[in-house]
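Coordinate inspection notes
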Amino acid sequence: MIAAISEGGNSAGLLQYLVGRGRANEHTSPHLVAGSDVIMRRWGAWDRLSAAQGFEIAKYVDQFMSETGVKSMGKRRVFNEETGEREVIEGPVANHVWHCSLSLRPDEGPLTDDKWRAIAQDFIDAMEFTGADGRAECRWAAVNHGRAKNGGDHIHIIVNVVREDGTQWNRKQDQPRVQRACN
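**A short note on the overall build of the protein**
On a plain count of helices and strands, the protein comes out with 6 helices and 7 strands. Reading the protein from its N end, one meets helices and strands in the order β-α-β-α-α-α-β-β-β-α-β-β-α. Here the C-alpha atoms of the protein give a radius of gyration of 15 Å, agreeing with the 16 Å that 2.2 N^0.38 yields for 183 residues. Seen through its principal axes, the protein has C-alpha atoms that stretch 40 × 40 × 30 Å.

Listed below in structure tokens is the structure:
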């Protein structure tokens, strides 16, 4: 499993990309494979998500941040499309959106939604977003929108790092934690 982390300050923008056509029209059937219970109850059964649904999901992902008024500010890791590299934008900038893609190699073939759901849930629990660690939960969703340009099956996980109680998820050493969760 190959993981790539980026951060941002715009849940709606990321979800518009994830449910949209993609940069090269490669997104064939954007749909949820996993997520917070409230999100899955509302949109989990849809075979294909629309732009309007992407905006609605973003609102739910950001709900705890909106209700508590807590804003996450700091450095932000982003993907530079021109260089093809991940870069760090020094802060303080909004960085409440934690985004991680989990990808398979092209020769591994696609997984079923049920398998991706189990992987996403195990991953998000291991990263301590769901309250399995005794802390308040963060809102999250996992989107599959078809194969990547290189042919590998993958999902995108979007999380708002502001927890239900207004505390923030600790992003310190998230890259090593991601690697452990993937392994």
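**Focus on the packing of aromatic side chains**
The tally for this structure, following the rule as stated, stands at 5 aromatic pairs. Arranged with centres 5.1 Å apart and planes meeting at 80 degrees, the rings of Trp43 and Tyr60 form a pair that is edge-to-face. Here Trp43 is found in helix H2 (residues 37–43), whereas its partner Tyr60 is found in helix H3 (residues 51–61), with 17 residues between them in sequence. Judged by its relative accessible area of 2%, Trp43 falls in the buried class. Since its relative accessible area comes to 23%, Tyr60 is described here as partly exposed.

**Considerations on the packing of helix H1 (residues 11–19) against H3**
Contact pair H1 / H3: the axes reach a minimum separation of 8 Å and the direction vectors enclose 140 degrees. One way to sum up the angle between H1 and H3 is to call them oblique. With respect to the hand of their crossing, H1 and H3 are arranged in right-handed fashion. Residue-level inspection shows Ser11, Ala12, Leu15, Gln16 and Val19 of H1 in contact with H3, the latter providing Ala51, Gly54, Phe55, Ile57, Ala58 and Val61. In terms of residue class, the contact of H1 with H3 is made up of 8 nonpolar, 3 polar and no charged.

**Re the pairing of strand E1 (residues 2–8)**
Burial analysis of E1 places 6 of its 7 residues in the buried class, the great majority of the element. Where E1 lies against strand E5 (residues 97–103), 7 bridges are found, and the strand directions are antiparallel. Looking at E5, one finds that Ala4 is bridged to Ser101.

**Overview of the side chain of Arg139**
With respect to the helices and strands, the residue Arg139 is situated in the loop between helix H5 (113–126) and strand E6 (140–144). Nearest to the buried, unbridged Arg139 among oppositely charged side chains is Glu137, at 5.1 Å. Of the polar contacts made by the side chain of Arg139, one reaches the backbone oxygen of Tyr60; its length is 2.9 Å. Apart from the residues within four sequence positions on either side, Arg139 is in contact with Ser36, Val38, Ile39, Tyr60, Val61, Gln63, Phe64, Ile158, Val159 and Asn160.

**Considering helix H6 (residues 174–182)**
Those residues of H6 that sit buried are Asp174, Arg177, Val178 and Cys182. For H6, the angular spread of the buried residues around the axis is 135 degrees, confining them to a single face. Looking at the buried positions of H6, the neighbouring elements they touch are E1, strand E3 (73–80), E5 and H5.

**What about the state of the cysteines?**
Counting across every chain of the model gives 0 disulfides. Summary of cysteine pairing: Cys100 is not part of a disulfide, and the nearest cysteine sulfur, belonging to Cys182, is at 6.2 Å. Judged by its relative accessible area of 0%, Cys100 is buried.

**Description of the pattern of salt bridges**
Side chains carrying opposite charge are able to pair once their charged atoms draw close together. As enumerated under the stated definition, the model contains 10 salt bridges in all. The residue Arg135 makes a salt bridge to Glu128 at a minimum N-O spacing of 3.3 Å. Residue classification places Arg135 among the partly exposed residues on the basis of a relative accessible area of 47%. Relative accessible area serves as the criterion here: at 28%, Glu128 is assigned to the partly exposed category. Note that Asp133 is salt-bridged to Arg135, the shortest N-O span being 2.8 Å. Connected through salt bridges with shared partners, the residues Glu7, Arg77, Arg171 and Asp174 form a single ionic network.

About the criteria used
Sequence order sets the numbering: in each chain, residues are counted from 1 along the sequence as written. In keeping with the model being predicted, local features are shown solely for residues with a pLDDT of at least 70 and side-chain atom pairs are shown and tallied solely at 80 or more, while totals for entire chains, interfaces and linings include all residues. Calculation of side-chain values draws on the structure's entire complement of heavy atoms; hydrogens and water are dropped beforehand. Counting from the N terminus, the helices are the DSSP runs of H or I reaching at least four residues and the strands are the DSSP runs of E reaching at least two. As defined in this context, the radius of gyration uses C-alpha atoms, and a globule is described by 2.2 Å times the residue total to the power 0.38. Centres within 6.5 Å make a pair out of two Phe, Tyr or Trp rings, where for Trp the six-membered ring is used; the pair is then stacked when the planes are under 30 degrees apart, edge-to-face when over 60, and tilted otherwise. Using a 1.4 Å probe on the protein chains alone, a residue whose accessible area is under 20% of its type maximum counts as buried, one over 50% counts as exposed, and one in between counts as partly exposed. Think of each axis as a best-fit line through the C-alpha atoms, taken over the contacting stretch in the case of a helix, with angles from 0 to 180 degrees between the N-to-C directions. When describing relative orientation, an angle under 35 degrees is termed roughly parallel and one over 145 degrees roughly antiparallel, while 65 to 115 degrees is termed roughly perpendicular and anything else oblique. Each crossing is labelled by how the near helix is turned from the far one, with a counterclockwise turn of less than a right angle marking it left-handed and a clockwise turn marking it right-handed. The contact criterion used throughout is that any non-hydrogen atoms of two residues lie within 4.5 Å. Here the term charged refers only to Asp, Glu, Lys and Arg, the term nonpolar to Ala, Val, Leu, Ile, Met, Phe, Trp, Tyr, Cys and Pro, and the term polar to all other amino acids, Gly among them. Two strands pair under a simple rule: DSSP has to find at least two bridges between them. Under this rule, positive means Lys or Arg and negative means Asp or Glu; His and the chain ends count for nothing. Here, a salt bridge means any side-chain nitrogen of Lys or Arg that lies within 4 Å of a carboxyl oxygen of Asp or Glu. Polar contact is defined as a pair of N or O atoms within 3.5 Å, subject to the rule that within protein one atom must be able to donate a hydrogen and the other to accept it, and that residues adjacent in sequence are counted only when both atoms are side-chain atoms. The arc in question is traced by the directions running from the helix axis to the C-beta atoms. Cysteine sulfur atoms that come within 2.5 Å of each other are treated as a disulfide pair.

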